[in-house]
Amino acid sequence: MQLSDWSRAAKGCVLGAALMCAAGVVQAKEQVNVSLFSWPGYGFWFIAKEKNLVPELELNISIIEDPYESFALMSAGQLDITSSTVEYGPIAVDKDVPVKLVTYTNPSYGTDKIILAPGIESAKDLIGKKIAVMEGGLTQIFMGIWLEQNGVAIDQVEFVNVIMDEAVGAMLGGSVSAVELWEPFGSQLLANMPGARVVADSSQGDWISTALLGDGMYMSSAFLEERPEAANMAMEAYFKAVDFWKANPEEGNRIIAEGIQFDISDVEMVIGSDGEIYKGGIMVFDLQQAARFMGVAEGDLPLGMTNGQIVEHWDTTNAWWQKFGLADEKHDWTEGVVLGPLKAALEAE
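The structure displayed is predicted, hence computed values, not measured ones.

*Asks:* Would you mind going over the packing of aromatic side chains in detail, with residue names and values included?
*Replies:* Per the counting criterion, the structure on display carries 20 aromatic pairs. Between Y104 and F293, the aromatic rings sit 4.2 Å apart at their centres with planes inclined by 35 degrees, giving tilted as the arrangement. Of this pair, Y104 sits in strand β4 (residues 99–109) while F293 sits in helix α13 (residues 287–293), and the two are 189 residues apart along the sequence. Assigned by exposure class, Y104 and F293 land together as buried. Ring-pair connections join several aromatic residues into one group, and the members of that group are F44, W45, Y238, F239 and W245.

*Asks:* Describe unusual backbone geometry, with residues and values.
*Replies:* One can expect most non-glycine residues to show negative phi and most peptide bonds to be in trans. Backbone torsion omega between E183 and P184 reads 10 degrees, so that peptide bond is classified as cis. Here P184 lies in the loop between β8 (178–182) and α7 (185–192). At Q261, a residue that is not glycine, the phi angle is positive and equals roughly 60 degrees. You can see Q261 is positioned in the loop between α11 (249–260) and α12 (264–271). Q261 gets classed as exposed once you look at its relative accessible area, which sits at 72%.

*Asks:* Can you explain the sheet that holds strand β5 (residues 112–116)? Please cite residues and give values.
*Replies:* One open sheet holds the five strands; their spatial order is β7-β6-β8-β5-β9, and the pairing between them is mixed. Each edge of the open sheet is held by one strand with a lone partner, namely β7 (158–161) and β9 (197–201). Pairs of neighbouring strands in the sheet enclose a mean axial angle of 30 degrees, with direction left out of account. Pairing of strand β6 (residues 130–133) with β8 involves two bridges; the strand directions are parallel. Within β8, the position partnered with I131 by the bridge is A178. Helix-sheet contacts for helix α6 (residues 164–173) involve β5, β6 and β8, and the interaxial angle to β8 is about 145 degrees. Along the sheet, α7 makes contact with β5, β8 and β9, crossing β8 at roughly 130 degrees.

*Asks:* Any chance you could break down the side chain of T103 for me, citing the residues and the numbers?
*Replies:* Relative to the helices and strands, T103 is located in strand β4. Of the residues examined, T103 reaches a relative accessible area of 0% and is grouped as buried. Sequence-distant contacts of T103, that is, excluding residues within four places in its chain, are made with G216, M217, M235, F239, A290, M294 and L342.

*Asks:* Help me get a handle on the sheet that holds strand β10 (residues 214–220), residues and values and all.
*Replies:* With mixed pairing, six strands are arranged side by side in an open sheet as β2-β1-β3-β10-β4-β11. If you trace the sheet from one side to the other, it starts and ends with β2 (57–63) and β11 (281–282), each paired once. Note that β4 and β11 share two bridges and pair antiparallel. Bridged to S108 within β11 is I282.

*Asks:* Pulling in residues and values, what's your account of the side chain of S35?
*Replies:* Tracing the backbone through its elements, the reader meets S35 in strand β1 (residues 30–36). Looking at S35, its side chain comes within polar contact range of the side chain of S70, at 2.8 Å. In terms of polar contacts, S35 uses its side chain to reach the side chain of T82, at 2.7 Å. Those residues in contact with S35, other than ones at most four positions away along the chain, are S62, I64, S70, L79, I81, T82 and S83.

*Asks:* Tell me about the environment of L339, residues and numbers included.
*Replies:* Of note, L339 is situated in the loop between α14 (310–324) and α15 (340–348). Considering only alpha carbons, one finds L339 and G295, 44 residues apart in sequence, at a separation of 9.4 Å. Residue contacts for L339: discarding those within four places in its chain leaves V102, M294, V296 and W333.

*Asks:* Let's hear about the pattern of salt bridges: which residues, and what values?
*Replies:* As a working rule, side chains carrying opposite charge can pair if their charged atoms are close by. Per the stated rule, a full pass over the model turns up 14 salt bridges. For E183, the salt bridge goes to K113, with nearest N and O atoms at 2.8 Å. Within this pair, whereas E183 is found in the loop between β8 and α7, its partner K113 is found in strand β5, the two being separated by 70 residues in sequence. The class of K113 is buried, set by a relative accessible area of 13%. Salt bridges sharing common partners tie together E50, K51, E251, R254 and E258.

Definitions and cut-offs
- Residue indices follow the written sequence of each chain, beginning from 1 at its first position.
- Predicted model: local features are reported for residues with pLDDT of at least 70 only, side-chain atom pairs are reported and counted for 80 or more only, and whole-chain, interface and lining totals are derived from all residues.
- The basis for every side-chain value is the complete set of heavy atoms in the structure, and neither hydrogens nor water enter the calculation.
- For Phe, Tyr and Trp, where Trp contributes only its six-membered ring, two rings pair if their centres lie within 6.5 Å, and the inter-plane angle classes them as stacked under 30 degrees, edge-to-face over 60, or tilted in between.
- Helix numbers and strand numbers start at the N terminus; a helix is a DSSP run of H or I with at least 4 residues, a strand a run of E with at least 2.
- The buried label applies to any residue whose accessible area, calculated with a 1.4 Å probe on protein chains only, is under 20% of its type's maximum; exposed applies above 50%, and partly exposed to all values in between.
- Pairs of strands are assigned from DSSP output, requiring at least two bridges between the strands.
- Interaxial angle, 0 to 180 degrees, is taken between N-to-C directions of lines fitted to C-alpha atoms, where a helix line uses only the stretch in contact.
- Residues are treated as being in contact if the distance between any of their heavy atoms lies within 4.5 Å.
- In the analysis that follows, any N or O atom pair within 3.5 Å is treated as a polar contact, provided that within protein one partner can donate a hydrogen and the other can accept it, and provided that, for residues neighboring in sequence, both atoms belong to side chains.
- Salt bridge, as used here: a side-chain nitrogen of Lys or Arg that lies within 4 Å of a carboxyl oxygen of Asp or Glu.

Below is the structure:
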């Protein structure tokens, strides 16, 4: 072989190694499986994915409308993360489900509404009647508290377990007499059911100051224990997506609308159009606000919420799950909450 041949061969080996390295970088991306149900408050994952906000991460996003299906898939090792309403932690601990709450992500600031059918004048008119809620979800607790505040015990009504679009149909069809809906489903019902009326919403008084109604992020115990760096990157990606949306709300809302297959107007009805706190929808927490709610960063929160409020929230939901028979015991919040990824995201910031 001539010297020039050796030179070409050496260059070829270097080039091949470079290509293999490049291929290795792609292959080395952390594959993380995320689920959410189709609602704008969870759509920030699509921004994180489209904008490649953490390049070392590959987000595989699935829309699963039943949160309990997501929790089952997490238990089976087929799903790493889900975004859902924030009340499941005490049930997971009580039933030994290997799922942990890792952060609160947004309080409802008016998007959740209790709506009565035409002809129902008060809570007491609901005695003996059917009420549509998502059993095992915050909608059931919201309805339970409202009923008790208005003199009706939870065993005096019949709860019907439905998801949002089914709940609208149940009200329109007359099979239930009251419902808890979040936007855009509440407005859709009110527009199509003259005489239906809102008797409580999550922007009022204690509903917002206690942040009872809101969303969170869950990770499987296996994911947290076996792939902590991937968990940390996923948390970082989510809150980078929130920051992107706050700075670019029009583009962010478009990405979310495409991801969950909603009209942009319906997305704006939930999270607003300017990246700010949206009364009538939700308040989207940025990283610092989430960290304050979870008690891992100093500072105050708006709308009457307090630093470290996750403890009070956990105790409230745990007590209600005992009342509804979904939890047998009271559990300390530290049994069901893991703060490592949130702390890592703060350090990275």
